[in-house]
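Listed here are the chains, written in short residue letters.
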Amino acid sequence: MQNLNIYILAIESSCDDTSCAILHNDMVLANITANQKIHEQYGGVVPELASRDHQKNIVPVVNAALKKANIKIDQLSAIAVTIGPGLMGSLLVGLSFAKSLSMAIAIPLIEVNHMQGHILAHFIKENNEQNFPSFPFLCLTVSGGHTQLVKVNEHLNFEILGSTIDDAVGEAFDKAAKILGLPYPGGPLIDKLAKEGDSTKFKFAASHVPGFDYSFSGIKTSFLYFIQNNLQKNENFVKENIADICASYQAHLIQVLLKNVKALLKETGITQLAIAGGVSANSELRKQVKDLETELKIQTFIPKFEYCTDNAAMIGITAYYKLLNNDLGSLSSVPQARMSL
Ligand code: KG4
Ligand code: ZN
């Protein structure tokens, strides 16, 4: 391990962000992401438009990452790419690009599972004083498409102990935002508006799911009825109460998320908790997870904002550990829209 000198170029294009990172071993040298604004006006990601934007963005993003890292293409040791889960057309753009580059300069291709990437983002190195989780740790992975409670036994050894049986918590944020007339993606806007609101003002129904699984679809529907009923009584209800609505709804989602986290920590005796995925950028969730350190006497790991939402650095770090295990990809691989951890 001491003398490793691996340079990985990583590409992430599973949804609506085109990202390229360069890593030297486990240290990130560049992580450049182009966000697609086009979807805002449609209230959600339009797959065909996402693929087209990836095609436009991929070469400039790769060039910008190489420039920032001050690396020439012939120094690269491997190309990493997200193979799934995600939107088929979006994945295809990244995978085709990565295969071509791998063939052109004759270096290995490494296929990365996007959800493993979110978790392993905790191992991205930026300096020598960082504190990494030790194994086993529990990771609450919360994104636009997934909500999972994962026991991480090793860098590439995962056990799912709980997951959503319907919608992801990111969808519960985004769909509520849409009902409130906010643009996509609504999660960050709800977070922002909630800061000025009273989180105890409104109450929402809890859904009862056995074990450590989650369900967000009923919560989302009860939110819709709550808004519709109140609008019938007062047509300015949303306008007059937007901050309190956001704060109360967000607090409810976080309470649902953390209930199972606490129960699982108790049941397993695990004393390290990490959060990952786009929703882990939520300021109230980050605060409440941090507070668990004193409440439960555990250690918590909260990613930098840059590594919460989709990024290629997390794909690069996962590829680094796969490369150490000699787990290489194949030029005949196809994207996986659905893929288990
Ligand atoms: O991980 P991610 O970037 O993409 C997927 O893999 O899905 O997660 C995107 C999700 C969206 O639902 C977005 O609304 C949510 O993360 N999100 C947030 C915040 N920032 C992003 N949700 C709540 N609060 C935030 N600050
Ligand atoms: Zn993601």
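Here is a short report on the structure shown in this document. This structure is a prediction, so every number in the text was calculated from the model and none was measured. (Residues numbered from 1 in each chain as written. Chains lettered and ligands numbered in written order. Predicted model: local features only at pLDDT ≥ 70, side-chain atom pairs only at ≥ 80, totals over all residues. Heavy atoms only, no water.)

## Details of the site of ligand 1
In the neighbourhood of ligand 1, 19 residues make up the surrounding shell, with His118, Gly144, Asp174, Asp191 and Gly278 lying closest. In the model, an oxygen atom of ligand 1 is placed 3.3 Å from a nitrogen or oxygen of the Gly170 main chain. The side chain of Asn282 places a nitrogen or oxygen atom 3.0 Å from a nitrogen atom of ligand 1. If ligand 1 stood free it would expose 550 Å²; the protein chains cover 89% of that surface. The set of elements that each furnish at least two residues to the shell around ligand 1 consists of helix H3 (114–120), helix H4 (169–179) and helix H5 (187–194). Its residues assigned to classes, the shell around ligand 1 shows five nonpolar, 11 polar and three charged. Two domains share the shell around ligand 1, each providing at least three of its residues, namely domain 1 (7–128 + 307–324) and domain 2 (137–305). (Near = heavy atom within 4 Å. Polar contact = N/O pair within 3.5 Å; in protein donor to acceptor, adjacent residues only side chain to side chain. Areas by Shrake-Rupley, 256 points an atom, 1.4 Å probe, with all protein chains shown as cover. Helix = DSSP H or I, 4+ residues; strand = E, 2+ residues; numbered from the N terminus. Nonpolar A, V, L, I, M, F, W, Y, C, P; charged D, E, K, R; others polar. Domains from an automatic or database assignment.)

## Focus on the coordination of the zinc ion (ligand 2)
At this site the zinc ion (ligand 2) is bound by His114 (NE2), His118 (NE2) and Asp310 (OD), with donor distances of 2.0 to 2.1 Å. All donors of the zinc ion (ligand 2) belong to a single chain; written as a sequence motif, their spacing is H-x3-H-x191-D. Taken together, the positions of His114 and His118, both in helix H3 and four residues apart, correspond to about one turn of that helix. Both residues of the pair, His114 and His118, count as buried. (Donors = N, O, S within 2.8 Å, 3.2 Å for Na, K, Ca; no water. Buried < 20%, exposed > 50% of the residue type's maximum accessible area, 1.4 Å probe, protein only.)

## Description of the pattern of salt bridges
Under the defined criterion, the tally for this structure stands at 14 salt bridges. Glu171 is the partner of Lys175 in a salt bridge, and the nearest nitrogen-oxygen pair spans 3.3 Å. Remark: Glu171 and Lys175 occur in helix H4; sequence separation between them is four residues, near one turn of the helix. For Lys175, a relative accessible area of 34% translates into the label partly exposed. Overall, Glu171 belongs to the partly exposed group, its relative accessible area being 22%. Between Glu293 and Lys290 there is a salt bridge, with its nearest N and O atoms 3.3 Å apart. Of this pair, Glu293 and Lys290 both sit in helix H8 (residues 283–296), three residues apart, which is roughly one turn of the helix. With relative accessibility at 45%, the residue Lys290 sits in the partly exposed group. Salt bridges sharing common partners tie together Asp167, Glu171, Lys175 and Lys220. (Salt bridge = Lys/Arg side-chain N within 4 Å of Asp/Glu carboxyl O.)

## Some remarks on the environment of Ala194
Tracing the chain through its elements places Ala194 in helix H5. On the accessibility criterion, Ala194 (8% relative accessible area) is buried. Separated by 52 residues in the primary sequence, Ala194 and Cys246 place their C-alpha atoms 4.9 Å from one another. Setting aside residues no more than four positions away along its own chain, Ala194 makes contact with Ala243, Cys246, Ala247 and Gln250. (Contact = heavy atoms within 4.5 Å.)

## Examining the pairing of strand E8 (residues 157–163)
Both strand E7 (residues 147–154) and E8 contribute to a ladder of six bridges, which runs antiparallel. Each residue of the ladder has a partner; that of Val152, found in E8, is Phe158. Linking E7 to E8, which pair antiparallel, is a turn of two residues. (Pairing = 2+ DSSP bridges.)

## Examining the sheet that holds strand E10 (residues 299–301)
Read across the open sheet, the five strands follow the order E8-E7-E6-E9-E10; overall the sheet is mixed. Two strands close off the open sheet at either side, each with one partner strand: E8 and E10. Within this sheet the neighbouring strands show an average axis-to-axis angle of 25 degrees, counted without direction. The pairing of strand E6 (residues 137–142) with strand E9 (residues 272–276) spans four bridges and is parallel. Within the sheet, the bridge partner assigned to Leu140 lies in E9 and is Ile275. (Axes fitted to C-alpha atoms, helices over the stretch in contact; angles between N-to-C directions.)

## Focus on the side chain of Asp17
Tracing the backbone shows Asp17 in strand E2 (residues 17–24). At 7.7 Å, Lys37 is the nearest oppositely charged side chain to Asp17, a buried residue that forms no salt bridge. A polar contact of 2.8 Å, which involves the side chain of Asp17, links it to the side chain of Asn35. Non-local contacts of Asp17, meaning those with residues more than four positions away in its chain, are made with Glu12, Thr33, Ala34, Asn35, Gln36, His54 and Asp310. (Lys, Arg positive; Asp, Glu negative; His and termini not counted.)

## Quick notes on the environment of Leu101
Within the element layout of this structure, Leu101 appears in helix H2 (residues 88–105). Judged by its relative accessible area of 11%, Leu101 is buried.

## Notes on the sheet that holds strand E1 (residues 7–12)
As summarised here, the arrangement of the five strands in space is E3-E2-E1-E4-E5, forming an open sheet in which the pairing is mixed. Each edge of the open sheet is held by one strand with a lone partner, namely strand E3 (27–35) and strand E5 (109–113). Strand-to-strand twist across the sheet, computed as the mean angle between neighbouring axes with direction ignored, equals 20 degrees. The strands that helix H1 (residues 47–69) touches are E1, E2 and E3; relative to E2, the one it contacts most, it runs at about 25 degrees.

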